[in-house]
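# Close look at the chain arrangement
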Amino acid sequence: MAKLVLDLHDIYNKGGQIDRALRDIVDQAISKKIKLVEIIPGKGSGALKKKVLRFLDQKDIKALYHRVEKDGQNWGRLFVHFRFK
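Residues numbered from 1 in each chain as written. Predicted model: local features only at pLDDT ≥ 70, side-chain atom pairs only at ≥ 80, totals over all residues. Heavy atoms only, no water.

The secondary structure content of the protein amounts to 3 helices and 4 strands. The N-to-C order of helical and strand elements in the protein reads β-α-β-α-α-β-β. Out of the 85 residues belonging to the protein, those deemed buried represent 39%. Taking the intrachain contacts of the protein between residues at least 6 apart in sequence as the baseline, contacts between residues at least 24 apart amount to 63%. Surface summary for the protein: the accessible area is close to 5,500 Å², and the carbon and sulfur share equals 49%. One finds the centroid of the 19 positive side-chain charges in the protein at a distance of 5 Å from the centroid of its 10 negative side-chain charges. (Helix = DSSP H or I, 4+ residues; strand = E, 2+ residues; numbered from the N terminus. Buried < 20%, exposed > 50% of the residue type's maximum accessible area, 1.4 Å probe, protein only. Contact = heavy atoms within 4.5 Å. Areas by Shrake-Rupley, 256 points an atom, 1.4 Å probe, with all protein chains shown as cover. Lys, Arg positive; Asp, Glu negative; His and termini not counted. Charge placed at Lys NZ, Arg CZ, Asp CG, Glu CD.)

Below is the structure:
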């Protein structure tokens, strides 16, 4: 199964770039009909993970994907699942 991966380590302190990168990866998954996106905010303080979750919780973004899964074994990454008809 194909998946996209977005590692946010390099732009962890650049809010605008983070939002653009997240939007780009969501748009890319939709255009290529990829069912799984792995987002790696890293472990750190958890602030970046919270920012990612807030982004994904926006009403217009939430309508684009099926569900978000937090990795139980590595809390420094998230999986965003898409469903296509």
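Don't stop here, the text continues.
The subject of this paragraph is the side chain of Asp-71. Note on placement: Asp-71 falls in the loop between strand S3 (67–70) and strand S4 (78–81). Engagement of the side chain of Asp-71 in a polar contact is seen with the side chain of Arg-77, the distance being 2.4 Å. Those residues in contact with Asp-71 that sit more than four places away from it in its chain are Arg-77 and Phe-79. (Polar contact = N/O pair within 3.5 Å; in protein donor to acceptor, adjacent residues only side chain to side chain.)

A word on the UniProt feature "domain: Smr" (unreviewed entry) in the protein. The UniProt entry lists residues 6–83 under the feature "domain: Smr" (unreviewed entry), expressed in the numbering used here. Annotated as residues 6–83, this span is 41% helix and 19% strand, and its ends, taken at the C-alpha atoms, are 19 Å apart. (UniProt positions renumbered as here; feature names shortened; annotations may be inferred.)

Here we come to the nonpolar core. Of all hydrophobic cores here, the largest spans 22 residues; its most connected members are Leu-8, Leu-22, Val-37, Ile-39 and Leu-56. Of all the secondary structure elements, the ones that give two or more residues to this core are strand S1 (3–7), helix H1 (15–32), strand S2 (36–40), helix H2 (47–56) and S4. When residues in this core are grouped by element, the largest group, 6 residues, is from H1. With residues up to four places along the chain from it excluded, the contact list for Leu-22 reads Leu-6, Leu-8, Ile-39, Val-52 and Phe-55. (Core = buried A, V, L, I, M, F, W, Y, C linked by side-chain atoms within 4.5 Å.)

When you line up the elements, His-81 lands in strand S4. Side-chain polar atoms of His-81 contact the side chain of Glu-69, separated by 2.7 Å. Leaving out residues up to four positions away in the same chain, His-81 has contacts with Lys-35, Leu-36, Tyr-65, His-66, Arg-67 and Glu-69.

Regular strands place their side chains on alternate faces of the sheet. Only one face of S1 is buried: it carries Leu-4 and Leu-6, and the other face, with Lys-3, Val-5 and Asp-7, is open. Relative to S2, S1 runs parallel, the two being bridged by 5 bridges. Among the inter-strand pairings, Asp-7 is bridged to a residue of S2, identified as Ile-40. Each parallel crossover has a hand, and for S1 linked through H1 to S2 it is right-handed. (Pairing = 2+ DSSP bridges. Right-handed = clockwise from strand over helix to strand, strands pointing away.)

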